[in-house]
Amino acid sequence: VSGEHDLSATRAAILAHLREDRLFLLVSHENPDGDALGSLVAMHGLLSALGKDVQILISPGDLPLPYEYRFFELEDLIQAPPGDVGQRTVVFLDCGNIDRNSAVALGDGAHLLNVDHHHDNTRFGTLNYVVSEASCTAEIVWGLLRELEIAATPAVAEALYVGLITDTGRFMYENTGPGAHEMAAELIAGGVDVQGVYRRLYEEMPMPKLALLAQALLNTRRFDSGALTLATLSAEEFRQAGAEESYSEGIIDHLRAVQGTKVAVLIRELTPPQSRGTHKVSLRATDGEVDVSAIARAQGGGGHRRAAGFSTALGLEELSSFLRREIAAQLDRAVDQHPAASVV
Ligand SMILES: [Mn+2]
């Protein structure tokens, strides 16, 4: 109960900042996803409606956005922290850990509002409005809009809807509560083009994305009686497919769907030149038995219990051993003594 009280006190404090402060800077995590971008656009709309000076910071390395998000009209977009950052209220959206945004070097005393739904948020803000029950950060922003009685413009409603459907897996993940559907109902009643958003996000796919999926499926291996279903993609395989890094989005859902899987993992070799030799690891759990965010935190990453990730310098062999050990420990099982993986 005291936690709930703290949360409503924090919401009141956040609302006071949004009403009273004049200059804002909005940021999210690197490789922004639908929820990050949707929350940025919606918060920009909220603050614009209040007549505020607001800028959105996305680092040049994250631009251009992945093709499915290019329809977003990012107003007041900047690619480096503004000179007056010290005067601005900085709002972090959907960012569980300040290390996930290296673009903002904040001075001491900076006003930092941390608005997020990751349960393992490190609470790095001056104010931490972390609602772990929310399906997405967009749902939290939607709640703030309602509280301020600000009507969503068509662009804001669509942005909120994008955050909602991408973070809930189109209303299929376990974070999909009644609130997610109520939010959808209100947005659709307000005119969001459901089919149009669906087409932009999940269809009109570049052919190399399909080629990359095919390669990942060929590379899929199962360990420990299938508890771990794992696929890898090398930088060379990205190149052969003609794929951009973001094209691996969604592959892990195919791995998670395999019968018997407890944890699905996609390991991508980061493409040269910036980070050759390091791997980016995405994890998904099929049920509540394994908390993949704990596995990710052990390697400096984080996320949700059923969806998490980390980057590492470990090689593939070390990585698969690490993952098998961690999963076995959580399942309270011994790691399968047969070292060879079964090839699908
Ligand atoms: Mn999110």
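Owing to the predicted nature of the structure, the values given are computational and were not obtained by experimental measurement.

What counts as what
- In every chain, residue numbers begin from 1 and rise along the written sequence.
- In view of the model being predicted, local features appear only for residues whose pLDDT reaches at least 70, and side-chain atom pairs are presented and counted only at 80 or more, with totals across whole chains, interfaces and linings using the full set of residues.
- With hydrogens and water set aside, each side-chain value is computed from the structure's full complement of heavy atoms.
- Helical segments are the DSSP runs of H or I of at least four residues, strand segments are the runs of E of at least two, and each set is numbered from the N terminus.
- One less than the residue count of a helix, multiplied by 1.5 Å, gives the span that helix is expected to have.
- When a residue's accessible area, from a 1.4 Å probe over protein chains only, is under 20% of the maximum for its type it is buried; when over 50% it is exposed; and in between it is partly exposed.
- For Na, K and Ca the donor cutoff is 3.2 Å, while for all other metals N, O and S atoms must lie within 2.8 Å; water is not among the atoms, so some sites may look incomplete.
- To obtain each axis, a line is fitted to C-alpha atoms, and for helices this fit is confined to the stretch in contact; angles are then taken between N-to-C directions over 0 to 180 degrees.
- Here a residue-residue contact requires only that any non-hydrogen atoms of the pair lie within 4.5 Å.
- When DSSP finds two or more bridges between a pair of strands, those strands are recorded as paired.

**Student:** Quick question: what am I supposed to make of helix H2 (residues 34–49) here?
**Tutor:** An α-helical turn contains 3.6 residues, so any two residues separated by three or four positions project in the same direction. Under the 1.5 Å per step criterion, the end-to-end length of H2 is 22 Å for 16 residues, consistent within 8% with the ideal 22 Å. Most of H2 is tucked away: 14 of the 16 residues are buried. Two residues or fewer past H2, Gly51 is found with a positive phi of approximately 75 degrees.

**Student:** Explain the coordination of the manganese ion here, please?
**Tutor:** Six octahedral donors at a metal ideally form angles of 90 or 180 degrees, and four tetrahedral donors ideally form angles of 109.5 degrees. Donor atoms from the polypeptide that bind the manganese ion are Asp35 (OD), Asp94 (OD), His117 (NE2) and Asp167 (OD), placed at 2.2 to 2.3 Å. Between the donor residues of the manganese ion, the gaps in sequence give the motif D-x58-D-x22-H-x49-D. Separated by 132 residues along the polypeptide, Asp35 in helix H2 and Asp167 in helix H4 (residues 154–167) bring together distant segments of the chain. Under the relative-accessibility criterion, Asp35 is labelled buried at 0%. Classification of Asp167 as buried rests on a relative accessible area of 15%.

**Student:** Could you clarify how one ought to interpret the packing of helix H3 (residues 137–147) against H4 in this entry?
**Tutor:** How two helices pack is summed up by the angle between their axes together with the distance between the axes. Packing of H3 against H4 brings their axes to within 8 Å, and their N-to-C directions diverge by 145 degrees. Between H3, through Ala138, Val141, Trp142 and Leu145, and H4, the contact on the second element is made entirely by Val156, Leu160, Gly163 and Leu164.

**Student:** Would you mind showing me how to read the sheet that holds strand S6 (residues 127–130) here?
**Tutor:** Picture the strands of a sheet paired through backbone hydrogen bonds; they go either parallel or antiparallel. In spatial order, the strands read S3-S2-S1-S4-S5-S6; together these six strands make up an open sheet with parallel pairing. A single partner strand is all that each edge strand has here, and the edge strands are strand S3 (77–78) and S6. In the sheet, strand S1 (residues 23–27) pairs with strand S2 (residues 53–57) via four bridges, with the strands oriented parallel. The residue of S2 that forms the bridge with Phe24 is Val54. This element, H2, spans S1, S2 and strand S4 (89–93) of the sheet and lies at about 170 degrees to S1.

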